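Structural features, examined
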There are 2 protein chains.
Amino acid sequence: MINLNNLPDEAALQKHRAQYPALQNKHYLNFGGQGCMATSSIEAIKQAYEYVQEHGPFSTKMFAWMQEQIDGVKILFAREFGGQAPYYALTQNATEGCNIILWGIDWREGDTLLTTDCEHNGVMKAAMQVSHRHKLKLAVCKIAHLQTDKEILEALSIAIAKKPRLLMLSHVLWNTGRVLPLQKIAEFCRDHNVKLLADGAQSAGVLPLNMDALKVDYYAITGHKWLGGPEGTGALYVAPEALEAIEPTFSGWRGAVFDSAGKPTGWLPAAARFEVATSAFPLLSGLSDAMQRHSQFATTEQRFQKIDRLTKSLKRSLLQLPDIDIIDDTGGSGLVSFYSRKADAATLLKKLESQNVILRTIPSPSCLRASIHYFSEAEIAKLIQGLS
Amino acid sequence: MINLNNLPDEAALQKHRAQYPALQNKHYLNFGGQGCMATSSIEAIKQAYEYVQEHGPFSTKMFAWMQEQIDGVKILFAREFGGQAPYYALTQNATEGCNIILWGIDWREGDTLLTTDCEHNGVMKAAMQVSHRHKLKLAVCKIAHLQTDKEILEALSIAIAKKPRLLMLSHVLWNTGRVLPLQKIAEFCRDHNVKLLADGAQSAGVLPLNMDALKVDYYAITGHKWLGGPEGTGALYVAPEALEAIEPTFSGWRGAVFDSAGKPTGWLPAAARFEVATSAFPLLSGLSDAMQRHSQFATTEQRFQKIDRLTKSLKRSLLQLPDIDIIDDTGGSGLVSFYSRKADAATLLKKLESQNVILRTIPSPSCLRASIHYFSEAEIAKLIQGLS
């Protein structure tokens, strides 16, 4: 029914959309803030909670179940994003994944942590805090004003050549929607023996990703945005050869091995060492359901092609409006940042919300951001209508 | 209906128990591993997920809702455990709370971290890791073999007088069930300017706690054991005067303040600074429901008196069995650790599981551990029957 060139037809799309309650009563364009969950994903969570109570909650059987849930989600991550399943650590969100790496390096006073001026403010706070506590130089490469990949690569290559210990940057910039040439950046990093951490909050579930091909050392993913999973789920991919460069910081029973007397004797072999203790395992059923639902509708490549097409189409439409301009006019990451020459972002947000068109403001550059998923045709039309 | 001396009657107890599916099909005595959730708590989670989808998921309205959920749970914590609501940071579990403190101190090489030989192995792993990375002395005060509070206080006071930077210990020992004289220990620590972190995994929801009276600096709580909330919820209490001694480690948008351009400018005023980013907010509805359900049935003091009585009664019954001995014969914390002189713990666990009596083994001292909640009469009878 589905081939690489053709997405399911309009009827199939409508049937698919009908599974998402968030899409039924508003024009939702905030997947980069939080994605929408299918009814079946919420039901899967409820059933998992019920299952836990029926067979446990704490019993030999449930301990095995818990491990199956963890392993199952990691297999889904590896299937969707490449790499080997055990090299995914489960996290609550992308920020936690970034923190695991930021605090996991054996920093020495005076080391440099390199990042960019387009990182999410929360992750930036973590970078500032690790720099403060470990007395690092926090170098911020300015890329916000650059127009082309060539310029960005040039700016980053100069900064990377100064040999920071770690470069942390987003694969898709949360403020402008620009996709960074990550594979090339990873090459530069390898050439200079610089570890690379990618914040994948806005790329996982949008771009086709292959950890083996990208060759980044660390890649932080969240489950609750473009993947449509529940808030509180995510993963950190750790490349096998970059595992030993990171020490666990927050740690506990889930990441460690113990002798028969319960004495900690070491870490679990792969990325599970970065997991701490009991977390909301039943949510993993919701995340699995969400990921499988998207996969069953269309391949990652098909979904991305559609997002790319819709994003470009929205950008074209926005540029035809008299007072609107867009921040970045390159390809389609799903994020479209724009502003009005006549109204500030907060005012425009309110105006759109009053028409039930839901998006968000971005503080820097001050703008509005629409997130376009592969099924967002109808909402794009409403947004354009609302701005006209 | 309820007064301080009288618990609700048998009919009310049976009606209450009927709300917990985990109690219906097995003889469950593992609250110290994971507590059982009421049907209404699971339903509350589902409804919260649905609410998020209906009104968001990501919108101005839902951001306010999220903050209300967070604040609401903190108010419940403060009502149940004392202290001021803003001095509770939400966590996923007690281990995470301990990690926040362990990694939050401005350690200097050679500092001492003091703990005991009765800590949970996961928390111990965290203590070992922070000691390893910060080149600390990890001092382990031996209390496992001591019989009286006096002996324990003596051993601890000698160790505290050596001025470690931090003492981390459990309020209720997970392996023996012993309640430590925490208020007195806190006094010793204040006298020597030693910060005190209590692991409350086995005390919150069992003992009546008052943070103001206990005067510990930091107290880590989990929601998924004795409180009957969902796995993945918990809190860390930080005494106001001990707040500034801890720097955030893992950090992000939830704990920080930003200027209008999104630039991080500082931390939130109280314990919220230790919260990182998006977590499973809908679970807070489940935790609230769980805590309120227990409170509505009986006061904390009433529930504790009942736990104490049942624990002591189980201990007496166990001592009457020919081959069984108990580890600790002091008061009632809800945890009863025992062993058979004829069978190893794993064998006995299997035998009891075959009779649908669910408890767990403890690695050191090698034993079985039964967790007794305030409604566990029937299960106690089954356990004794199973051992006879």
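Each value, and the rule that gives it
Every chain begins its residue count from 1, and numbering advances along the sequence as written. Written order decides the labels, with chains lettered from A and ligands numbered from 1. Local features in a predicted model are, by the rule used here, given only for residues with pLDDT of at least 70; side-chain atom pairs are given and counted only at 80 or more, and totals for whole chains, interfaces and linings are based on all residues. To get the side-chain values, all heavy atoms of the structure are used, and hydrogens and water are removed first. Two strands pair if DSSP finds at least two bridges between them. By the criteria applied, helices consist of DSSP H or I runs no shorter than four residues and strands consist of E runs no shorter than two, each listed in order from the N terminus. All axes here are fitted lines through C-alpha atoms, helices being fitted over the stretch that makes contact, and every angle between N-to-C directions spans 0 to 180 degrees. The contact criterion used is simple: two residues touch if any of their non-hydrogen atoms lie within 4.5 Å. Accessible area that two parts lose when put together, evaluated with a 1.4 Å probe and summed over both, is termed the buried area. Salt bridges are counted wherever a side-chain nitrogen of Lys or Arg sits within 4 Å of a carboxyl oxygen of Asp or Glu. As used in this structure description, the phrase polar contact means that two N or O atoms lie within 3.5 Å; if the pair is within protein, one of them must be able to donate a hydrogen and the other to accept it, and residues adjacent in sequence are counted only when both atoms belong to side chains. Gly counts as polar in this scheme, as do all residues outside two lists: the nonpolar Ala, Val, Leu, Ile, Met, Phe, Trp, Tyr, Cys and Pro, and the charged Asp, Glu, Lys and Arg. Type-normalised accessible area, obtained with a 1.4 Å probe on protein chains alone, sets the label of each residue: buried when under 20%, exposed when over 50%, and partly exposed for intermediate values. Nine residue types can take part in a nonpolar core, namely buried Ala, Val, Leu, Ile, Met, Phe, Trp, Tyr and Cys, and a core is a set of them joined through side-chain atoms within 4.5 Å. What counts as a domain boundary in this text is fixed by an automatic or database domain assignment. Least squares is the method for superposing the copies, and the C-alpha atoms it fits come from residues with pLDDT of at least 70 in both. A helix is expected to reach a length of 1.5 Å times the quantity of its residues less one. In these notes the angle categories are as follows: under 35 degrees is roughly parallel, over 145 is roughly antiparallel, 65 to 115 is roughly perpendicular, and the rest is oblique.

Another point: the sheet that holds strand E2 (residues 88-91) of chain A. Sheet strands pair via backbone hydrogen bonds, and the direction of the pair is either parallel or antiparallel. All names here are of chain A. One open sheet accounts for seven strands, arranged E2-E8-E7-E6-E5-E3-E4; its pairing is mixed. Because the sheet does not close on itself, it has two edges, and the strands there are E2 and strand E4 (137-141). Averaged over all pairs of adjacent strands, the angle between strand axes in this sheet comes to 20°, irrespective of strand direction. Sheet analysis places strand E3 (residues 112-116) next to E4, joined by five bridges and oriented parallel. Across the sheet, Leu 114 pairs through a bridge with Ala 139, a residue of E4. In the packing of helix H7 (residues 182-191) onto the sheet, the strands contacted are strand E5 (166-170), strand E6 (195-199) and strand E7 (218-222), and the crossing angle to E6 comes to about 155°.

Attention shifts here to the interface of chain A and chain B. Taken together, the 78 residues of chain A in the interface contact 78 residues of chain B. Between chain A and chain B, the buried area comes to about 6200 Å², and carbon and sulfur atoms account for 61% of it. If you sort the residues of chain A by the area they bury against chain B, Gln53(A), Phe58(A) and Phe250(A) come out on top, with a joint share of 13%. Summed over the shared surface of chain A and chain B, the result is two salt bridges. Linking Glu43(B) and Lys46(A) is a salt bridge whose minimum nitrogen-to-oxygen distance equals 3.8 Å. Summed over the shared surface of chain A and chain B, the number is 36 residue pairs in polar contact (both at pLDDT 80 or more). Looking at the side of chain A that touches chain B, the element that brings in the most residues is helix H2 (residues 39-55) of chain A, giving ten residues. Class assignment of the residues belonging to the side of chain A that touches chain B gives a composition of 35 nonpolar, 31 polar and twelve charged.

It is worth spelling out unusual backbone geometry at this point. Omega for the peptide link from Ser364(A) to Pro365(A) comes to -5°, which places this bond in the cis form. For Pro365(A), the position within the fold is in the loop between strand E14 (360-362) and strand E15 (367-371). Phi at Lys135(B) is positive, roughly 55°, even though this residue is not glycine. Structurally, Lys135(B) is set in the loop between helix H5 (121-134) and strand E4 (137-141). We classify Lys135(B) as exposed; its relative accessible area is 52%.

Let us now look at the nonpolar core. Ranked by internal contacts, the top residues of the largest apolar core, which has 211 residues, are Phe77(A) and Phe77(B). For Phe77(B), the residues in contact, after removing those within four places along its chain, are Gly82(B), Tyr88(B), Leu90(B), Ile221(B), Leu227(B), Gly234(B), Ala235(B), Leu287(B) and Met291(B).

Residues and elements named next belong to chain A. Domains assigned within chain A are domain 1 (4-30 + 298-387) and domain 2 (47-294). Using C-alpha coordinates to define each centre, domain 1 is positioned 27 Å away from domain 2. Contact with domain 1, which involves 28 residues of that partner, is made by 19 residues of domain 2. Of the roughly 2000 Å² buried between domain 1 and domain 2 on both sides combined, carbon and sulfur atoms contribute 55%. A per-residue breakdown of the area domain 1 buries against domain 2 is headed by Thr 300, Ser 333 and Leu 335, which together make up 24% of the total. Remark: the boundary between domain 1 and domain 2 carries two salt bridges. Its salt-bridge partner being Arg 303, residue Glu 80 comes within 3.5 Å of it at the nearest N-O pair.

Okay, the relation of the copies chain A and chain B next. Taken as rigid bodies, chain A and chain B are interconverted by a rotation of 180° and an axial shift of 0.0 Å, the fit giving an RMSD of 0.0 Å. What we have between these two chains is a two-fold relation. If distances are taken from each C-alpha of chain A to the rotation axis, the shortest is found for Lys46(A), at 3.1 Å. Comparing contact sets, 100% of the residues at the interface of chain A also lie at the interface in chain B, consistent with an isologous, same-surface contact.

So, on to the pattern of salt bridges. On inspection of all chains with the given rule, the structure shows 34 salt bridges over all chains. Residues Lys46(A) and Glu50(A) are paired through a salt bridge, measuring 3.3 Å at the closest nitrogen-oxygen approach. Of this pair, Lys46(A) and Glu50(A) both sit in helix H2, separated by four residues, roughly a single helical turn. Classification of Lys46(A) as buried rests on a relative accessible area of 17%. A network of salt bridges, in which partner residues are shared, links Glu43(A), Lys46(B) and Glu50(B).

This part takes up helix H3 (residues 60-81) of chain B. All names here are of chain B. Here H3 spans 32 Å end to end across 22 residues, near enough to the 32 Å set by a 1.5 Å rise per residue. The complete set of buried residues in H3 reads Met 62, Trp 65, Met 66, Gln 69, Ile 70, Val 73, Lys 74, Leu 76, Phe 77, Ala 78, Glu 80 and Phe 81. One or two residues past the end of H3 sits Gly 82, with phi positive at roughly 80°.

With that out of the way, let us pick up the sheet that holds strand E15 (residues 367-371) of chain B. Residues and elements named next belong to chain B. As summarised here, the arrangement of the four strands in space is E11-E12-E15-E14, forming an open sheet in which the pairing is antiparallel. This sheet does not close on itself; its edge strands, each paired only once, are strand E11 (324-326) and strand E14 (360-362). Averaged over all adjacent pairs, the angle separating strand axes in this sheet is 40°, with direction ignored. In the sheet, strand E12 (residues 335-340) pairs with E15 via four bridges, with the strands oriented antiparallel. Across the sheet, the residue bridging to Phe 338 is Leu 368, located in E15.

With that settled, the discussion passes to the environment of Ser317(A). All names here are of chain A. Tracing the sequence through the fold places Ser 317 in helix H10 (residues 300-320). Given the relative accessible area of 22%, Ser 317 is considered partly exposed. Separated by 64 residues in sequence, Ser 317 and Ala 381 place their C-alpha atoms 9.4 Å apart.

Let us look at the packing of H2(A) against helix H3 (residues 60-81) of chain A. Residue and element names in this part refer to chain A. Two elements in contact, H2 and H3, have axes separated by 9 Å at closest approach and are oriented at 155°. It follows that H2 is roughly antiparallel to H3 by the angle criterion. Side by side, H2 and H3 meet where Ala 48, Tyr 51, Val 52 and His 55 of the first sit next to Lys 61, Met 62 and Trp 65 of the second. Classifying every residue of the contact of H2 with H3 by side-chain character gives five nonpolar, one polar and one charged.

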